[in-house]
Amino acid sequence: MAHPKIVLTADRTLMSPYRGISLATFFGCAPAIDPHRPKNSFWYYILKDQVTPKVLFDFICNPIGHKNGIADFAPYGLRKVEAALLRDGFKREDVVIAHPDHVEKFIGPETQVVGTYEMDPLGMGPVTMTFTYGRKQMSYDEFYNRDLHLRINAAKKKNGSNAKVIAGASGTWQYNYDPKKIQEYGLYAVLEGELGGIGPEIDGHAGEFFNHLMNGDFENMNPFAKSDFKVDIKEFGNDENKYHGRFVHYWDEPEIDEIPNIVEPSMHGMVEVMRGCGRGCKFCDVTLRPLRYYPPEKVKQEIEVNMKKGGAKSAWLHSDDIFVYGLDPRKTKNMAPNRDALEELFTVVMSTGIGHTNPTHGTLAGAIADEKLVPNISKIIKASADNLIGIQCGFETGSLRLIGKYADRKLSPYKPEEWHWVVKEGVKTLNENHWIPAFTLIMGLDNDETEDDAWETIRIISELEQEQPESMFTATPLTFVPIGLLEKSQFFDIGNEMDAAQLGVMYKTWQHNFKYGIQKFMNKTGPNSSFRKKAFTGLARTLGGVPLSAMEKYARRKGREHEQVIEKIKAKYW
C-alpha cells in the first residue's frame, strides 16, 4: 500500500470528544506522573508514579472514531491546514489526518512530512503549570504528546521512512524553554509565528510551506531573500549540554478569502468566526493579530460540514472576544459592540438547524456595554434554564492596580476603577439571560502580584457569592506565562514562589467551584442533562473536595502563615 506524502496528526488529548462534556476538555492539564514521589509512600504503593489514575483519565478522554486509521474528527486548526493543502493542489491521497493510535499505518518510504498539531506539548500552558506545580509533575498533555512522538519515531524506523517531523500550532513556543525535547522527539523543525507565542496562520499559504519543506529549502534558505518564511537555527545550553533546533518563522495575515473552509468535521463542532481581538491586554498574544471577521455565510458553510459529515448537533463559535465581532476598534469609540452584526451572525448560525451554540470567549465589559445585546442574542439562540450557554471570560485579577496596568482596554468602555462593578454586573447580566461565565485569572501576573492584590481577588469572589447567592460562574487560577507583550518576562514559578495569599486565591477559587459549580449547575450546561453528564458530575462531586484537603495539608507543611490564610478564608470568605 502506498503511503501519503503528508501525514497530519495530534495527540490523544486533542483528539477526544471527552464524552461530550465541555469542561472535561481541560482534563489534559491534569497531572499524570509525579517523578519525585517517594517509593516508600502509601500513594506509590497504590498508584506507583501516577497522580491522576490513567484508567480514569483514559475513560474520560475517550478516543475518537476512525476509518482504517483515518480520524473521523480533528482539531479545527488541523482541518484548516488539510483544507488549504487540498486547495493548493495536493491530491486527497497525498494528505491524511491520522488517528494518533494508528499513525504507524500511514508512515512509510513515500511519506515526506509528518506534521503534529500541538497546543500544550510540554505542559507549559497556564492551566497546566498551575495543576502540575510548575512542571514538577508531568501533565497528560505532555504525556500523550511524548507518546505520539515515540510512536512516530518507531514507525519511521520500522517502515524505512525518512519523513521530516515538524511541530506546529500555538504551543510550539514551549520548545524554546525545554529544547532537549527537540532532539528527543527527532523534530526536523518547529514552526512558530514571527513573535514566538502566536500560532502561525499557514492556512493562507499551506501549499507553499509544505513544498518548501519537502524540497529541503529550509536547510539553506537565504535569510535576505524575500519570503514569508525565515529559518533560525537556535543554540541552547552551555558547552557541556548544547541543544540545537531549526525554527521556521512565519508571519502572514491571510485575508478572509485566502482562508479555506474546512472540508471534514472538526472536534466539538468547532468553527471560527473571527481572528484577532483588539483589546490590547499585555499578557496575551492574540491581541497582536489584526482583526478579521468571517461573514455569516462562511460560518454557516463550515457548520453545515460538521452537521453533514460529523453529525454535529451543536456549534462552538471560536473567537477571542465574541463581543468585538464586526467592529473596528480603531474607529469605534470605546469598543462599543456591533449589535446588528452579532444578531445577524447568530441568526444565520441558528438557521442551519443546529440545536445549541455558544461562543468560546467573551469579555464582561462587552457583554454589558449594550444592554440589549445579550438578551437579544439569548432569544436568537434559545438560551433557557434547560439550555445554558457557557462562555469563557478573562477575570484575570481582582486587583484594580493590576487590571489598570496590564489590561485597561479589556474594560473599555469602562475604566479600571470600575472593574469590580463590571465583574458583578457582567455576572448578573449573563446569568439573567442563562449564560454561565467560566472565569480564568492569572496568578503571579508578570511576577508583579502583591499580597494585597491577591486578597482583592479573594474578596471580589466572596462578594459575588454574598451579593448574588444564586449566581452561576466558575473561577480557574492560571499561572502567569510570558507571552504577548510580556514575552521577555519570567514564568511565575508556582512550585517555589507561591506565597500564602496566592495559596488563598487557589483555595478560594476551588472552594467556589466545588460549592457552586460542581454542586449546583455543572450538569446543566449545554442542550440537555444527559446521563453521562450526570455521571461525570457525580464523579466530580465525589472527588471535588480532594483538592481542598490537599491545599489544607500543603498549608500545614508550609507553616503558620499559610494556615492562617486558610483559616481566614473559612471564617470571612466562605
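Refer to the structure printed above.
Residues numbered from 1 in each chain as written. Predicted model: local features only at pLDDT ≥ 70, side-chain atom pairs only at ≥ 80, totals over all residues. Heavy atoms only, no water.

Enquirer: I'd love a proper account of the packing of helix α3 (residues 76-87) against helix α7 (residues 206-215), names of residues and values included.
Expert: Each pair of packed helices can be summarised by the angle the axes make with each other and by the distance between the axes. In contact at an axis separation of 8 Å, α3 and α7 are set at 85° when each is read in the N-to-C sense. By the angle class used here, α3 and α7 are roughly perpendicular. Contacts between α3 and α7 involve Val81, Ala84, Leu85 and Arg87 from the former and Ala206, Gly207 and Phe210 from the latter. (Axes fitted to C-alpha atoms, helices over the stretch in contact; angles between N-to-C directions. Helix = DSSP H or I, 4+ residues; strand = E, 2+ residues; numbered from the N terminus. Parallel < 35°, antiparallel > 145°, perpendicular 65-115°, else oblique. Contact = heavy atoms within 4.5 Å.)

Enquirer: Got a sec to walk through the packing of helix α9 (residues 339-350) against helix α11 (residues 373-380)? Specific residues and values, please.
Expert: The N-to-C vectors of α9 and α11 enclose an angle of 15°; their axes lie 9 Å apart at closest approach. What the angle tells us is that α9 and α11 run roughly parallel. Handedness of the crossing formed by α9 with α11: right-handed. Together, Arg339, Leu342, Glu343, Phe346, Thr347 and Met350 of α9 and Leu373, Asn376, Ile377 and Ile380 of α11 make up the contact between the two elements. Among the residues forming the contact of α9 with α11, the class breakdown is six nonpolar, two polar and two charged. (Left-handed = near helix turned anticlockwise from the far one by under 90°. Nonpolar A, V, L, I, M, F, W, Y, C, P; charged D, E, K, R; others polar.)

Enquirer: Tell me about the side chain of lysine 508, and please be specific about residues and values.
Expert: By secondary structure assignment, the location of lysine 508 is in helix α16 (residues 500-521). Of note is the side chain of lysine 508, whose polar atom sits 2.7 Å from the side chain of glutamate 465. (Polar contact = N/O pair within 3.5 Å; in protein donor to acceptor, adjacent residues only side chain to side chain.)

Enquirer: I'd love a proper account of α9, names of residues and values included.
Expert: When the terminal C-alpha atoms of α9 are compared, their 17 Å separation across 12 residues agrees well with the 16 Å that a helix rising 1.5 Å per residue should span. Here α9 has its buried residues at Ala341, Leu342, Glu343, Leu345, Phe346, Val348, Val349 and Met350. The inward-facing, buried residues of α9 contact α8 (296-310), β15 (314-318), β16 (356-359) and α11. (Expected span 1.5 Å × (residues − 1). Buried < 20%, exposed > 50% of the residue type's maximum accessible area, 1.4 Å probe, protein only.)

Enquirer: Could you give an account of the environment of aspartate 58, naming the residues involved and the relevant values?
Expert: Within the secondary structure, aspartate 58 is located in helix α2 (residues 54-60). Taking the C-alpha atoms as reference points, aspartate 58 and tryptophan 251, separated by 193 residues in sequence, lie 37 Å from one another. Setting aside residues no more than four positions away along its own chain, aspartate 58 makes contact with Arg12 and Tyr144.

Enquirer: So what's going on with the environment of isoleucine 389? Which residues, and what values?
Expert: Along the chain, the position of isoleucine 389 falls in strand β17 (residues 389-396). Contacts of isoleucine 389, omitting those with residues within four sequence positions, involve His356, Thr357, Asn358, Pro359, Ile381, Ala383, His434, Trp435 and Ile436.

Enquirer: Give a detailed account of the pattern of salt bridges, specifying residues and quantitative values.
Expert: Within this structure, the stated rule accounts for 34 salt bridges. For lysine 164, the salt bridge identified is with glutamate 219, shortest N-O distance 3.7 Å. Taken together, the positions of lysine 164 in strand β8 (residues 164-168) and glutamate 219 in the loop between α7 and β10 (229-237) put the pair 55 residues apart, joining distant regions of the chain. Classification of lysine 164 by relative accessible area gives buried; the value is 16%. Lysine 570 is the salt-bridge partner of glutamate 552, the closest N and O atoms lying 3.2 Å from each other. Of this pair, glutamate 552 sits in helix α18 (residues 546-558) while lysine 570 sits in helix α19 (residues 560-572), and the two are 18 residues apart along the sequence. Members of the salt-bridge network, linked through shared partners, are Arg135, Glu142, Asp178, Lys180, Lys181 and Glu184. (Salt bridge = Lys/Arg side-chain N within 4 Å of Asp/Glu carboxyl O.)

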